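# Chain and residue survey
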Amino acid sequence: MTDTFAAAISHFLPFMILPICHSRYLECPPMGLETLKIDDFQLHASTTKRYGLGAHRGRLNIQAGLYEDDLYDGAWCAGRDDPLQWFEVDARRLTKFTGVITQGRSSLWSSDWVTSYKVMVSNDSHTWITLKNGSEDLIFRGNREKEIPVRNIFPAPVVARYIRINPRSWFTSGSICMRVEILGCPMPDPNNYYHRRNEVITTDDLDFRHHSYKEMRQLMKVVNEMCPNVTRIYNIGKSHSGLKLYAIEISDNPGEHEVGEPEFRYTAGSHGNEVLGRELLLLLMQFMCLEYLSGNQRIRHLVEETRIHLLPSVNPDGYEKAFEVGSELSGWSLGRWSNDGIDIHHNFPDLNSILWEAEAKKWIPRKMFNHHVPIPEGNFINILIVAVETRALIAWMEKMPFVLGGNLQGGELVVTFPYDKTRSLGVTREQTSTPDDHVFRWLAFSYASTHRLMTDANQRVCHTEDFAKEDGTINGASWHTAAGSMNDFSYLHTNCFELSMYVGCDKFPHESELPEEWENNRESLLVFMEQVHRGIKGVVRDVQGRGIANAIISVEGINHDIRTAADGDYWRLLNPGEYRVTARAEGYSLTSKKCEVGYEMGATRCDFIIGRTNLSRIKEIMEKFNKQPIRLPVRQLQLEIVILQITECNHSRTYFFK
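The structure contained in this document is the topic of the report that follows. (Residues numbered from 1 in each chain as written. Predicted model: local features only at pLDDT ≥ 70, side-chain atom pairs only at ≥ 80, totals over all residues. Heavy atoms only, no water.)

### Looking at the overall build of the protein
- The helix and strand tally for the protein stands at 14 helices and 27 strands.
- Counting over 658 residues, the protein shows a buried share of 55%.
- Within the protein, contacts between residues separated by at least 24 positions form 76% of all contacts whose residues are at least 6 apart in sequence.
- Looking at the protein as shown, the accessible area adds up to about 28900 Å², and 52% of this sits on carbon and sulfur atoms. (Helix = DSSP H or I, 4+ residues; strand = E, 2+ residues; numbered from the N terminus. Buried < 20%, exposed > 50% of the residue type's maximum accessible area, 1.4 Å probe, protein only. Contact = heavy atoms within 4.5 Å. Areas by Shrake-Rupley, 256 points an atom, 1.4 Å probe, with all protein chains shown as cover.)

Next up, the structure:
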């Protein structure tokens, strides 16, 4: 059918419906009820039970709030339970409809779903034609419960502008309630201004499709072969079913930590059914390789000044379950958990309670540090409740000196930052800030503000929360409390500041949506990586010029310290300002200096040279005498100490002039 012919039909024959008869035909993708491409004004219904159950809530996989109310319920529900009710979608242009997907009502308290329905189409919304099975109206089988989606493909595609679903039967103990997705292909129409205005096109030549585990591994191999000098593939462990957890490193010296170069990580897929993040990381590694080869200076600077790690699938077992069913039929939870039923993202030791108890007992800093909180013995041994994937992540986090990380999630449009657990017992939502709250807020905003939709005031809420009014960011505990999150654990157990990016309303978008989702997130992914170079950095050395590992870096006014890496280098994320910074290590005297962080990108250099304490010098003298009691005259003992001081001073002077 030509564009001209399609336009002519719409103009001259408003009552004509065109069935397209083929023995086999390509199924069309979802029109976008779940992804919000179909806006609220395109959805209509015969009646509604109340506003929160209106037609605008009849979207596939939409979620109700914990406490259902008049605004955000989990379906369209008819005001009356009779066969005259209908749910309607206005495609706003001629569309080839090929099928319908339905769910029941999302609710903890009600059980409502439609068990059979008819489908009607129209070009003017007044005269309707029912799809037929021969001379009989075609009755489609609906849902048997409220959560698992059911897809019905039409015997032949039909072209129209409007489509209605007319429930014929429903769960006997419930009401007429539906969540819906329509499968449809817009007919070509260059004169349709609405469609052209809202079309998002990418110019990046990338592999926009969903990848199985085997295909993901192959794609990573292709990227590595294209950019062998700046990439390296490795694995951090295995999943419950034995699949390797592959990561790719992007750096000008892959496989090697360079002194002074910060390490960054992105992870995705801890919930296996939240697939968009996984595909975004696969697209990101392709993009960075191609742009590096083409000489993109921004990408080259990132690669040469940062050691980047991308782990696209934390939970490959869960992903394979969702992938097998497909993007529209996996529902809200299939594949979310690991093979042994564990939510990996919230499977980490709860170090918040340990720290807060120590603070309440005034144990800090005498008995416990305010950072690098250790995992208590016995808290993390039971293999029945700790996923093998979680263990692999923790070992990886402890091995690499990560400075900043983001884990990509799905089902919302928001960036969350620690703490994720509320400090008050029994409270489900409460602002619970870290000592680095201002830094976390900036980091979250750096992603949200550069995302195409997160801060758009006109963007419809995904489910129940309007995050756009909060600039697309929220403190995790303010949203809902969650103990043992990866974000809280990373902040309290390591140096790494970790945030969660919820990158789209649809957890598992159809692959036709991937180019637009890439455009939505591409700039945000890059900008957030660049934030690893914000704050101060340096090396803590002794007077001989040797780097001191595990030295503590404290910033006055911020009750959270970090530590140096194996070579004595450190990175401390800070917002612009002037700070008094102290470096100290066991056996060494502490040293303080003022360090200023500017507004321009690039961390301020702030190095430290610290000398040993007298006590450590005495210990060295004792070791010199095989730790025997020193039977030297006091004057000789003092002379030994002076000699050590002069030696250190000479080394320091030599190092200084170097």
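We are not done yet, so read on.
### Topic: the sheet that holds strand 25 (residues 591–597)
- Read across the open sheet, the 4 strands follow the order 22-21-24-25; overall the sheet is antiparallel. Pairing within the sheet leaves two strands with one partner each, and these edge strands are strand 22 (558–563) and strand 25. Taken over all neighbouring pairs, the strand axes of this sheet differ in orientation by 30 degrees on average, direction set aside.
- Pairing between strand 21 (residues 552–555) and strand 22: 3 bridges, direction antiparallel. Bridge pairing in strand 22 links I553 to I562. (Pairing = 2+ DSSP bridges. Axes fitted to C-alpha atoms, helices over the stretch in contact; angles between N-to-C directions.)

### Observations regarding the environment of L94
- Mapped onto the secondary structure, L94 falls in strand 4 (residues 87–103).
- Assessed through its relative accessible area of 10%, L94 is described here as buried.
- In sequence terms L94 and G184 are 90 residues apart; their C-alpha atoms lie 9.8 Å from each other.

### Concerning the packing of aromatic side chains
- For the structure on display, the rule yields 23 aromatic pairs.
- Considering the side-chain rings of Y117 and F140, the 5.7 Å spacing of their centres and the 25 degrees angle between planes classify their relative orientation as stacked. In this pair, Y117 sits in strand 5 (residues 114–122) while F140 sits in strand 9 (residues 140–141), placing the two residues 23 residues apart along the sequence.
- In this structure F140 comes out as buried when scored by relative accessible area, which is 6%.
- When the centroid spacing of 5.3 Å and the interplanar angle of 80 degrees are considered together, the rings of Y491 and F497 count as edge-to-face.
- F497 gets classed as buried once you look at its relative accessible area, which sits at 1%.
- Taken together through their ring pairs, the aromatic side chains of W356, Y419, F440, Y491 and F497 make up a single cluster.
- The aromatic ring of W86 is capped on one face by R164, whose charged end is 3.6 Å from the ring centroid. (Phe/Tyr/Trp six-rings, centres within 6.5 Å; stacked < 30°, edge-to-face > 60°. Lys NZ or Arg CZ within 6 Å of the ring centre and 35° of its normal.)

### Some thoughts on the state of the cysteines
- Within this structure, the stated rule accounts for 5 disulfides.
- The side chain of C462 participates in a disulfide bridge whose partner is C505; the two sulfur atoms lie 1.9 Å from each other. Of note, the bridge from C462 to C505 carries an S-S torsion of about -65 degrees and is left-handed in sense. Of the two residues, C462 is situated in the loop between helix 9 (437–448) and strand 18 (473–475) and C505 in the loop between strand 19 (497–504) and helix 12 (514–530); the sequence distance between them amounts to 43 residues.
- Look at C462 and you get buried, because its relative accessible area is 6%.
- Going through the protein in sequence order and numbering each bonded cysteine, the pairs you get are 1-4, 2-3, 5-6, 7-8, 9-10. (Disulfide = S-S within 2.5 Å.)

### Some words on the side chain of D73
- Of note, D73 is situated in the loop between strand 2 (43–45) and strand 3 (76–77).
- Given a relative accessible area of 0%, D73 falls into the buried group.
- Among the polar contacts listed, one links the side chain of D73 to the side chain of R50, at a separation of 2.6 Å.
- Residue contacts for D73: discarding those within four places in its chain leaves R50, G52, L53, R57, A64, E68 and R105. (Polar contact = N/O pair within 3.5 Å; in protein donor to acceptor, adjacent residues only side chain to side chain.)

### A few points about the sheet that holds strand 13 (residues 244–250)
- Read from one edge of the open sheet, 8 strands run 12-13-15-14-16-19-17-18, paired in mixed fashion. A strand with exactly one partner marks an edge of an open sheet, and here the two such strands are strand 12 (231–238) and strand 18. When strand polarity is set aside, the average angle formed by the axes of neighbouring strands in this sheet is 25 degrees.
- Strands strand 14 (263–268), strand 16 (402–409), strand 17 (412–417), strand 18 and strand 19 of the sheet are contacted by helix 9, whose axis makes an angle of about 30 degrees with strand 19.

### Describing helix 3 (residues 213–226)
- The terminal C-alpha atoms of helix 3 lie 20 Å apart, and with 14 residues this matches the ideal 20 Å at 1.5 Å per residue to within 8%.
- For helix 3, every residue scored as buried is listed here: Y213, M216, L219, M220 and V223. Summarising the axial view, the buried residues of helix 3 lie within an arc of 125 degrees, below the 170-degree limit, and thus occupy one face. Within helix 3, the exposed residues directed more than 90 degrees away from the buried face are K214 and E225.
- Residues of helix 3 that are buried sit in contact with strand 12, strand 13, helix 4 (275–294) and helix 6 (316–325). (Expected span 1.5 Å × (residues − 1). Arc of directions from axis to C-beta.)

### Focus on the pairing of strand 14
- In terms of residue burial, strand 14 counts as a mostly covered element, since 6 of its 6 residues are buried.
- Of the two faces of strand 14, the one lined by E263, R265 and T267 and the one lined by F264, Y266 and A268 are each fully buried.
- In terms of strand pairing, strand 14 meets strand 15 (residues 307–311) through 5 bridges, oriented parallel. Looking at the pairing, F264 lines up with I308 of strand 15.

### Looking at the environment of M368
- Counting through the fold element by element, M368 comes out in the loop between helix 7 (351–360) and helix 8 (388–399).
- Expressed as a C-alpha distance, the spacing of M368 and A358, which sit 10 residues apart in the sequence, is 7.3 Å.
- If near-sequence neighbours (up to four positions away) are discounted, M368 is found in contact with I354, L355, A358, W363 and V373.

### Here we look at unusual backbone geometry
- Residues I364 and P365 are joined by a peptide bond in cis, for which omega reads 5 degrees.
- Locating P365 in the fold gives a position in the loop between helix 7 and helix 8.
- Note the cis peptide between P418 and Y419, where omega equals 0 degrees.
- If you trace the backbone, Y419 turns up in the loop between strand 17 and helix 9.
- At N61, a position not held by glycine, the phi torsion is positive, near 70 degrees.
- Locating N61 in the fold gives a position in the loop between strand 2 and strand 3.

### Quick notes on the nonpolar core
- Ranked by size, the top nonpolar core spans 90 residues in total, and within it Y266, L284, M288 and L499 carry the most contacts.
- If you tally residues by element for this core, the top one is helix 4, at 11 residues.
- Those residues within four positions of M288 in sequence are excluded, and the remaining contacts are I250, I299, L302, V303, I308 and M529.
- In this structure, L33, L43, V114 and V158 belong to the second largest nonpolar core, which totals 28 residues. (Core = buried A, V, L, I, M, F, W, Y, C linked by side-chain atoms within 4.5 Å.)

### Structural notes on helix 5 (residues 297–305)
- Of all the residues in helix 5, the buried ones are I299, L302 and V303. Along the axis of helix 5, the buried residues cluster in a sector spanning 95 degrees; they form a single face.
- Elements that come into contact with the buried residues of helix 5 comprise strand 13, helix 4, strand 15 and helix 12.
- For helix 5, the N-terminal capping position is held by N296, with its side-chain oxygen 2.9 Å away from the main-chain nitrogen of R298.

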